[in-house]
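Breakdown of the fold
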Amino acid sequence: MRYLSTRGNAPAQSFCDILLGGLAPDGGLYLPESYPQITRAELDAWRSLSYAELAFAILSKFVDDIPPADLKAICDKTYTAAVYCNARPGDDAAEITPVHWLEPGRLGLLELSNGPTLAFKDMAMQLLGNLFEYVLEKRGEEINILGATSGDTGSAAEYAMRGKHGVRVFMLSPHGRMSAFQRAQMYSLQDANIYNIAVRGMFDEAQDIVKAVSNDHAFKAQYKIGAVNSINWGRVAAQIVYYFKGYFAATKSNDEQVAFCVPSGNFGNICAGHIARMMGLPVAKLILATNENDVLDEFFRTGVYRPRGTAETHTTSSPSMDISKASNFERFVFDLVGRDGAKVRELWAKVDAGTSFDISATPFFAKLSEFGFVSGRNDHAGRLATIRLAWEKYRTMIDTHTADGLKVALEQAPAGVPTLVLETALPAKFEETIREALNRAPERPAKLEGIEALPQRVEVMDPDVAAVKAFIVAHVGH
Ligand SMILES: Cc1ncc(COP(=O)(O)O)c(C=O)c1O
Ligand SMILES: N[C@@H](CCOP(=O)(O)O)C(=O)O
């Protein structure tokens, strides 16, 4: 399997090369040259697989430069009930991503947040940590990961990479904008290979710095800069697996359809759902939910993509979705425009110049419906109301991001089709808002009790590419 850049101006590469490289050299994102098509016989055979077996079956379609026995060993080591151990009482932890039904057979939560950092990022990041370790050891190389987080990617990456040989993590986070728990999860890590940098700005500025550093090809090569954000194809590939697993859990036969509702910000999670659907998974609808930062909802309603600057980006109670420029959206648009790299370059010249594009008067807008997306948004009042509804009606405590998903799912779920809301974090990460909604604290795993009181280690700086490069140089040496 070879991988192409969405901007059409980079050489095709193999899986392991793009795993270490992240962003394509022309500034685009990598995608497989075509999506593998799943036969009905494969779908039937996959229904009874464990999570690790299913991950191996699906990833084998995308990875042909790791020997199958090694890839299988990596999947088996990653997807264990010991690692994903935070399922709700009564839900089957052995399933890794069990479905928690709110209305049996009709509306459920796909539990993706039972890993070590209590967010869906652990599903892919634990695999990435093991893949990095494997590939770096084979090649005798090292990697310096530069990432950006709005709250969850950072801790998931740091937990997955801490102590790993040949790996350093430099993680940029928006200063003062994450929950106290999220800050503590990252900044309390004292491992020598983990560096936290809080930038005075929003996630989008941190993400722009990651891209700017990656686009400095000489610096990237000299300092072996890699990516763990969902700009890295490995993240998206690993996220495809749980759409299949959720589908099998919600249906009895492969003649049925399922709708997925995905709380969205950087478009990485729902991009994996889009690819699962392109591979042939019977997906009735992909329901995209945003918070007050509703750039993506606006696009799916109007055809206008208008990324917003810091002044227009709200700090909300679903802070991990405080994103106004969605990296992975470029992957979807590449498919929407018929995989035409020149067209993507034309559209992203506008995005990169800080303006917008409008496809409403083009044939692409009509084509949008072929991809099965619908969308909606939520705000703080709606979030509190939905957390209360889930608690009072279903006796289920949900986090603020999942609440955005549930609110939109209740509005948009297609009739007669089971709908799964992707549970992207656990309520323990957002205690302040849970208390506001329910006047009670969420439970948290015993080993995360009192985490906010631990000593913290973080460097605060302005969102400045040169300053971040200087920090990396100072800590890596030559
Ligand atoms: C808890 C949570 N929900 C939803 C999202 C949005 O996911 P994506 O950025 O893949 O759209 C994020 C961050 O990415 C998150 O951390
Ligand atoms: N919501 C994320 C930010 C987006 O990160 P990505 O790695 O999924 O692109 C976060 O919580 O950090």
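Residues numbered from 1 in each chain as written. Chains lettered and ligands numbered in written order. Predicted model: local features only at pLDDT ≥ 70, side-chain atom pairs only at ≥ 80, totals over all residues. Heavy atoms only, no water.

This is how it is decided: UniProt positions are given in the numbering used here, feature names are shortened, and annotations may be inferred rather than shown by experiment.
As recorded by an unreviewed UniProt entry, the protein chain carries the name Threonine synthase and is attributed to Azospira restricta. Turning to the protein chain, the UniProt annotation filed under Catalytic activity (unreviewed entry) states: "O-phospho-L-homoserine + H2O = L-threonine + phosphate". The UniProt entry for the protein chain carries the following text under Cofactor (unreviewed entry): "pyridoxal 5'-phosphate".

Quick look at the UniProt feature "modified residue: N6-(pyridoxal phosphate)lysine" (unreviewed entry) in the protein chain
Inclusion rule: Labels follow the DSSP assignment, with helices taken as runs of H or I lasting at least four residues and strands as runs of E lasting at least two, numbered in each case from the N terminus. Whether two residues touch is decided by their heavy atoms; if any such pair falls within 4.5 Å, the residues are in contact.
What UniProt calls "modified residue: N6-(pyridoxal phosphate)lysine" (unreviewed entry) maps, in this numbering, to Lys-121. You can see Lys-121 is positioned in helix α5 (residues 121–139). Lys-121 has contacts with Asp-152, Thr-153, Ala-156 and Arg-235, leaving out every residue within four places of it along the chain.

Quick notes on the UniProt feature "domain: Threonine synthase N-terminal" (unreviewed entry) in the protein chain
UniProt's entry tags residues 2–79 with the feature "domain: Threonine synthase N-terminal" (unreviewed entry), counted in the numbering of this structure. From the first C-alpha to the last, residues 2–79 spans 26 Å; its make-up is 44% helix and 8% strand.

Here's the deal with the nonpolar core
The following threshold applies: Only buried residues count toward a nonpolar core, which is a set of Ala, Val, Leu, Ile, Met, Phe, Trp, Tyr and Cys residues joined through side-chain atoms within 4.5 Å. Only protein chains enter the accessibility calculation, which uses a 1.4 Å probe; a residue is then buried when its area is under 20% of its type maximum, exposed when over 50%, and partly exposed in between.
By size, the foremost hydrophobic cluster in this structure holds 110 residues, and its most contacted members are Trp-233, Phe-244, Phe-260, Phe-267 and Phe-329. For this core, the element with the highest residue contribution is helix α10 (residues 233–250), accounting for 12 residues. Those residues in contact with Phe-244 that lie beyond four places of it in its chain are Ile-38, Leu-43, Trp-46, Leu-54, Ile-58, Ala-276, Met-279 and Leu-281.

Description of the site of ligand 2
What counts here: Each residue is tested against the molecule or strand, and it is near if at least one of its non-hydrogen atoms lies within 4 Å. The definition of a polar contact used here is a pair of N or O atoms within 3.5 Å, where within protein one atom must be able to donate a hydrogen and the other to accept one, and adjacent residues in sequence count solely through side-chain atom pairs. Working definition of accessibility: Shrake-Rupley area with a 1.4 Å probe, residue cover restricted to the visible protein chains. Each cavity reported here is a set of points on a 1 Å grid over the protein atoms alone in which a 1.4 Å probe fits but cannot get out, each pocket an open set with protein on both sides within 12 Å along at least five of seven lines, and each lining residue one with an atom within 4 Å of a point. For this analysis, a molecule is said to be in a pocket or cavity if more than half of its atoms are within 2 Å of the grid points defining it. Residues are grouped as follows: Ala, Val, Leu, Ile, Met, Phe, Trp, Tyr, Cys and Pro are nonpolar; Asp, Glu, Lys and Arg are charged; every other residue, Gly included, is polar.
Around ligand 2 there are 13 residues in total, and Lys-121, Thr-149, Asp-152, Ser-230 and Asn-266 lie nearest to it. Residue Asn-266 places a side-chain N or O atom 2.7 Å away from an oxygen atom belonging to ligand 2. In this structure, a nitrogen atom belonging to ligand 2 sits 2.9 Å away from a main-chain N or O atom of Ser-320. In the complex, the protein chains occlude 96% of the 340 Å² of accessible area that ligand 2 would expose alone. Applying the majority rule of atoms within 2 Å of the grid points places ligand 2 in the largest cavity. A class-by-class count of the residues in the shell around ligand 2 yields 2 nonpolar, 8 polar and 3 charged.

Side note on the side chain of Gln-185
The topology assignment puts Gln-185 in helix α7 (residues 180–187). Residue Gln-185 is classed as buried on the basis of its relative accessible area of 0%. Here Thr-117 takes part through its backbone oxygen, which lies 3.2 Å from a polar atom of the side chain of Gln-185. Sequence-distant contacts of Gln-185, defined by excluding residues within four places in its chain, comprise Thr-117, Ser-155, Tyr-159, Lys-429 and Ile-451.

Some thoughts on unusual backbone geometry
Here the phi dihedral of Phe-267 falls at roughly 70°; this positive angle occurs in a residue that is not glycine. For Phe-267, the location among the structural elements is in the loop between β9 (258–263) and α11 (268–278). For Phe-267, a relative accessible area of 1% puts it in the buried group. Of note in this structure, Arg-395 is not a glycine but carries a positive phi near 50°. Position of Arg-395 relative to the elements: it lies in the loop between α16 (380–394) and α17 (400–412).

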